Amino acid sequence: MASEDVKTGESAVSTIVNLAEEAKLAREGVKGPSYAVLSICKSLVAGGVAGGVSRTAVAPLERLKILLQVQNPHNIKYNGTVQGLKYIWRTEGFRGLFKGNGTNCARIVPNSAVKFFSYEQASKGILWYYQQQTGNEDAQLTPLLRLGAGACAGIIAMSATYPMDMVRGRLTVQTEKSPYQYRGMFHALSTVLREEGPRALYKGWLPSVIGWFRMWVSTLLSGTIGQTVAYPLDVIRRRMQMVGWSNAASVITGDGRSKAPLEYRGMIDAFRKTVRHEGFRALYKGLVPNSVKVVPSIAIAFVTYEQVKDILGVEIRISD
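Attention here is on the structure that accompanies the text.

Reading the values: the criteria
- Residues numbered from 1 in each chain as written.
- Predicted model: local features only at pLDDT ≥ 70, side-chain atom pairs only at ≥ 80, totals over all residues.
- Heavy atoms only, no water.
- Helix = DSSP H or I, 4+ residues; strand = E, 2+ residues; numbered from the N terminus.
- Buried < 20%, exposed > 50% of the residue type's maximum accessible area, 1.4 Å probe, protein only.
- Contact = heavy atoms within 4.5 Å.
- Expected span 1.5 Å × (residues − 1).
- Arc of directions from axis to C-beta.

**Quick notes on the environment of Ala249**
Then step 1. Tracing the backbone shows Ala249 in the loop between α10 (223–242) and α11 (250–253).
Then step 2. Accessibility expressed as a relative area gives 0% for Ala249, which makes it buried.
Then step 3. In sequence terms Ala249 and Gln174 are 75 residues apart; their C-alpha atoms lie 4.7 Å from each other.
Then step 4. If we skip the residues at most four places from it in the chain, Ala249 touches Val173, Gln174, Thr175 and Ser178.

**Observations concerning the side chain of Asp269**
Then step 1. Of note, Asp269 is situated in helix α12 (residues 267–278).
Then step 2. Relative accessible area serves as the criterion here: at 6%, Asp269 is assigned to the buried category.
Then step 3. Those residues in contact with Asp269, other than ones at most four positions away along the chain, are Glu263 and Tyr264.

**Description of the environment of Ala106**
Then step 1. Looking at where Ala106 falls in the secondary structure, it is placed in helix α4 (residues 101–106).
Then step 2. It is 8.1 Å that separates the C-alpha atoms of Ala106 and Gly52, two residues lying 54 residues apart in sequence.
Then step 3. Discounting chain neighbours no more than four positions away, the residues touching Ala106 are Met164 and Met185.

**Thoughts on α12**
Then step 1. In this model, α12 (twelve residues) spans 16 Å end to end at C-alpha, consistent with the 16 Å of a helix rising 1.5 Å per residue.
Then step 2. Buried within α12 we find Met267, Asp269, Ala270, Lys273, Thr274 and Glu278. End-on view of α12: buried residues confined to an arc of 155 degrees, all on one side of the axis. For α12, exposure combined with an orientation more than 90 degrees from the buried face picks out Ile268 and Arg276.
Then step 3. Positive phi shows up at Gly279, right after α12, with a value of about 90 degrees.

Right, dumping it as structure tokens:
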């Protein structure tokens with residue numbers, strides 16, 4: 001009887017220990033992923049807010065840059081950074097300085113989400129391939145390979161949100177004198193889709209990808225050099241985005257006085273016609289306001305990101 005009681009007791013203890021271990025593992029299994037998801041969400045929210053705040057802070061300079069890039073050379077309205085900002089204020093008021101900013105901010109959260117996911121997947125794929133090639137299963141990504149993963153993620157994220165960037169360009173360019181007004185991002189997307197077809201949403205995509213990749217590589221040497229080298233591609237991208245817009249804004253048509261050449265057969269043709277009609281300097285229109293906005297934009301984004309992370313961190317700890 002005693003031996004049976006001992007066996008029964010040991011069995012009961014064993015069962016309790018096993019149940020305790022299973023409960024612990026279950027808790028850890030639930031806790032780990034939940035914290036991982038929470039961390040990802042916190043980073044995405046912080047990044048989205050930081051991007052929105054920084055983009056909004058420099059929105060007037062961003063709009064002026066685009067207006068300078070696409071304006072009709074025969075009817076100059078915007079001639080320099082200070083004069084351009086004053087002209088917008090005088091003709092369109094305070095709200096005119098922020099045209100297209102809503103669409104620009106709307107790109108940030110999905111762009112950040114896609115970029116984060118793409119970077120994680122690209123890093124895993126590159127690491128697996130690198131380990132297979134080296135025969136070392138403990139190998140880690142080198143800085144160069146991480147840069148490659150970042151480049152892939154950036155291109156994927158940019159491509160995923162490019163239609164919003166395309167209509168942002170048009171929303172930014174239209175003025176009060178434009179014969180046809182896009183009422184907002186979704187109206188612009190549906191209008192372009194209906195009148196010009198799905199491919200129109202990706203006009204200027206190729207120079208955008210090439211420009212982004214060149215700037216990414218050049219930035220390794222110098223941020224200023226990278227921007228200067230890639231900037232002409234940004235100008236061409238914006239001009240290609242305007243092609244097919246039957247009721248183009250007055251800034252492009254020159255109030256009907258002399259229309260700028262809006263028909264491009266492709267990126268090379270756009271380069272050729274821009275240089276032929278306006279000279280080589282036209283490829284750098286808007287470079288000054290673009291350069292001016294870089295430092296404050298990065299600084300504001302960094303400070304905002306850290307502040308939002310701290311706020312979310314405090315709230316999360318309290319809720320836990």
